[in-house]
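Spelled out, the chains give:
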Amino acid sequence: DSGSSIVAADRRLGGQSCAIIKMASFATWQDNIIMLSDSYKVSHYRQYPPGTQYVYSYFESRGCDREGWTEVCFFGLQYFLKRYLTGQVVTREKIDQAAKMYAQHFGDGTSDNPDLFYREGWEYILEKHGGRLPVKIKALPEGTVVPTKTVLITVVNTDPECYWLTNFLETLLVQVWFPMTVCTNSRYQKLSIQKYLEETGCEDWNPPGGAAFKLHDFGFRGVSSVESAAMGGLGHLVNFMGTDTVISLVAAEKFYGAKRAVGFSIPASEHSTITSWGVDGELDAMRNMLDQYPTGLVACVSDSFDVFKACREYWGDALKDKIKGRISETSFGQLVVRPDSGDPEETCVAIMKILLEQFADEVTETKTGHKLLPPYIRVIQGDGVDYQSIPKILQRFKEEMIAAANITFGSGGALLQKVNRDTFKIAFKCAEITLEGGEAREVFKDPLTDDGKASKKGRLTLQKASDIASYSPEDIYKPREGADGVKGGTGFLHFTPDGNYVTVASGRGDPEKDLLVDVFENGKLLKDYKLSEIRKRADVENGPFVNLPEEPEEPEPAPVPQAAIRPTYVTVPFPSQKIMTTAPPGAVRMIPMMNRPSFVAAPQPAAMPQVNRPASFVAAPMAGTQPQAQSMYVPSQIRPVFPMPAQISHPSFVAPAPGRPSFVNPGQPIQAPVYSSQGLQATVRPGVVMTAPGASQPAVMPQRSASLGVGFGMQNVVRVVQAQGS
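These numbers were taken from a predicted model, which means no experiment stands behind them.

Right, let's get into the overall build of the protein chain. Check the secondary structure of the protein chain and you find 19 helices and 32 strands. Per-residue burial over the protein chain gives 48% buried out of 726 residues. Considering only intrachain contacts with a sequence separation of at least 6, the fraction spanning at least 24 residues in the protein chain is 74%.

Turning our attention to the sheet that holds strand S1 (residues 52–61). Sheet architecture is open: seven strands sit in the order S14-S13-S1-S5-S3-S18-S19, paired in antiparallel fashion. Looking at strand neighbours, the two that pair on one side only are strand S14 (440–442) and strand S19 (524–525), the edges of this open sheet. Two strands pair when backbone bridges link them, and strand S3 (residues 135–139) and strand S5 (residues 151–157) are joined in this way by five bridges, in the antiparallel orientation. Paired with valine 135 across the bridge in S5 is asparagine 157.

Right, let's talk about the sheet that holds strand S17 (residues 501–504) for a bit. For sheets, the rule is that strands pair by backbone hydrogen bonds, running either parallel or antiparallel. Strand order in the open sheet formed by three strands is S15-S17-S16, with antiparallel pairing between adjacent strands. Taken across any chain shown, the strands that pair with only one partner, and hence form the sheet edges, are strand S15 (461–464) and strand S16 (493–495). In this sheet, adjacent strand axes meet at a mean angle of 25° when their direction is disregarded. Where S16 and S17 come together, three bridges link them in antiparallel fashion. Directly across from phenylalanine 495, in S17, lies its bridge partner valine 502.

For the rest of this paragraph, the subject is helix H12 (residues 282–292). Because an α-helix completes one turn every 3.6 residues, residues spaced three or four positions apart along the sequence face the same direction. Residues of H12 that are buried include every one of Glu282, Ala285, Met286, Met289 and Leu290, and no others. For H12, the arc enclosing every buried residue in end-on projection is 140°, short of the 170-degree limit, so these residues lie on one face. Lining the buried residues of H12 we find helix H11 (271–275), strand S7 (296–301), helix H13 (307–318), helix H14 (320–324) and strand S8 (333–338).

A few words now on the nonpolar core. Counting 147 residues, the largest nonpolar core has Ile33, Leu85 and Trp122 as its most contacted members. Broken down by element, the residue count for this core peaks at nine residues, all from helix H8 (residues 177–199).

Right, let's get into the pattern of salt bridges. Scanning the model with the defined rule gives 26 salt bridges in all. The partner of glutamate 123 in a salt bridge is arginine 92, with the nearest N and O atoms 2.9 Å apart. One end of the pair, glutamate 123, is in helix H5 (residues 119–129); the other, arginine 92, is in helix H4 (residues 92–105), with 31 residues separating them in the sequence. Where arginine 459 meets glutamate 432, a salt bridge forms, and the shortest distance between an N and an O atom there is 2.7 Å. You can see arginine 459 sitting in the loop between S14 and S15 and its partner glutamate 432 sitting in strand S13 (residues 426–435), a full 27 residues away along the chain. Under the relative-accessibility criterion, arginine 459 is labelled partly exposed at 31%. Connected via shared salt-bridge partners are Arg92, Asp96, Arg119, Glu123 and Glu127.

What counts, and at which threshold
Residues numbered from 1 in each chain as written. Predicted model: local features only at pLDDT ≥ 70, side-chain atom pairs only at ≥ 80, totals over all residues. Heavy atoms only, no water. Helix = DSSP H or I, 4+ residues; strand = E, 2+ residues; numbered from the N terminus. Buried < 20%, exposed > 50% of the residue type's maximum accessible area, 1.4 Å probe, protein only. Contact = heavy atoms within 4.5 Å. Pairing = 2+ DSSP bridges. Axes fitted to C-alpha atoms, helices over the stretch in contact; angles between N-to-C directions. Arc of directions from axis to C-beta. Core = buried A, V, L, I, M, F, W, Y, C linked by side-chain atoms within 4.5 Å. Salt bridge = Lys/Arg side-chain N within 4 Å of Asp/Glu carboxyl O.

Listed below in structure tokens is the structure:
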């Protein structure tokens, strides 16, 4: 983390690891909160009115550039809170790193300018708050769907000395736009798919039926970064259960409490695995797919040369019986045919007609009369898929009397990448400052040249419209009318167009009815949402998560005594035979000891005495015992320590129960080796010298091939000391 271990390694390698050291420094650059902002914000601490103590700002969507998209599904803030803001995020090293960078950054290229960076402000946070950020953040519960133009997040500093911090965090917090926009993009496509499933007679809504797997994430390779893939992919998984973006599953576990994989996939071919069989081998390649994956779902790209021929002659004729045989009394299998080129609408309709014709003997009809392929074959369209093409394809299906349940969609860049901050016109604006003496001043912008950028004033709450008991027409917000109109508009009730919600401005709202909840304060996360609850909140009628049971809560693991993790031991140098072993407070009683189990991982003369490295380890807790310090005595057969070559003078091993550890770092001392309460196992090199209990001479492990390690058990060299001094 700090790079010190890399520096030590560099010394051991004789200074030949410069590249490693540089890579280590790059590994931490994104974690310095002081540099996760726009340059100009570094200078803003001098620009607020004298006496400013608190700055209150908010985050909202000011609309959408896609026709008909009037709602937003709020998602993604928790990732940024956990990843970048929680805990001690300001350190002396980070301040020094930022000071150096900003001095150069604001310089003229030949001389530095250290005056703009507010070092004193960050040092104050470090010294007064232990490096934790003194801000309070409220937000809409993640997964909540609300109309645009409503407040979604509010931020205010909690220490009057840190008034400048609120908007310094804007740059990072505004990036919530990305997972939120992808989540909403995915959800609107879910609404389209759901609509046509209903209109073409779908009756099976429980996963894997319904919309659960109808839009598959193909977007990992098409996004700008791994972080984008993780959070964009997770935004999609709020709505669906199919994905090939594996990193989004990791994000779900790490940041949203998932206990297991929350997205699923199947074996599938790509063009290289099919075209490598040659033009004349395409049929064999397709047969191989069915043979290699005889049960379950398997997808096969089918447009390498002629998708229509593949559907008619290969899938619908030569391999027809093999496909039909995938379903039996004891197994289920399904082939998913994947076209990957051509006009999406025309291609999908054409191949569906071919497959319906070829498998006509088992085609059924839905309650609306739309044709449905037998369950052993389906289609996935993964090219040219987005929020516009999906309803076009499904509308054609509806008109051609083809059930929407026949097809699944895969989407990549259009799902995760073809969005930007202006898709939902995201803004983060200051709404109020508080001066010395408690004077609150409303803050807003209202540019004459763009009334769409007018901001809200004062402290804000988001409430259900039904919670506003009474109000006058003058209370309803009205925007500025022309150059001579009231700047900032009039009124404080910002009703949504559907009339269901209202953002109450100017501090006139009811905090008890505020839909925004406290999620973060002074470095501490206050709400920890699980993906399962977010999915239910965001779901639609007949959606896959409405009736999905909650994941069972796993019991908390029993606390491990600190001493069992890092036992503290002090050895008194030879010739003393006494070893003091001290257990920190809360440790279990340390009763076993190692009776000369030291070893050297290099061939030595058989007569050479063993390295003098007595050791102890922590046993499992014993009933009725109290944590204590205990003296242990080394048996009298200890021999003097002979000089050893530098590379083997400090052999060390790690033995975490219940695994089988290997010899670790020969020749390098380990600061805090972990000892196990189980029988120890170790793997050493040929020619090892070790002293067994009661042996008059060291024993030499037999020589073997230099490529093989020699394993041996150490249970027989553990002697339990029942009482002090025994």
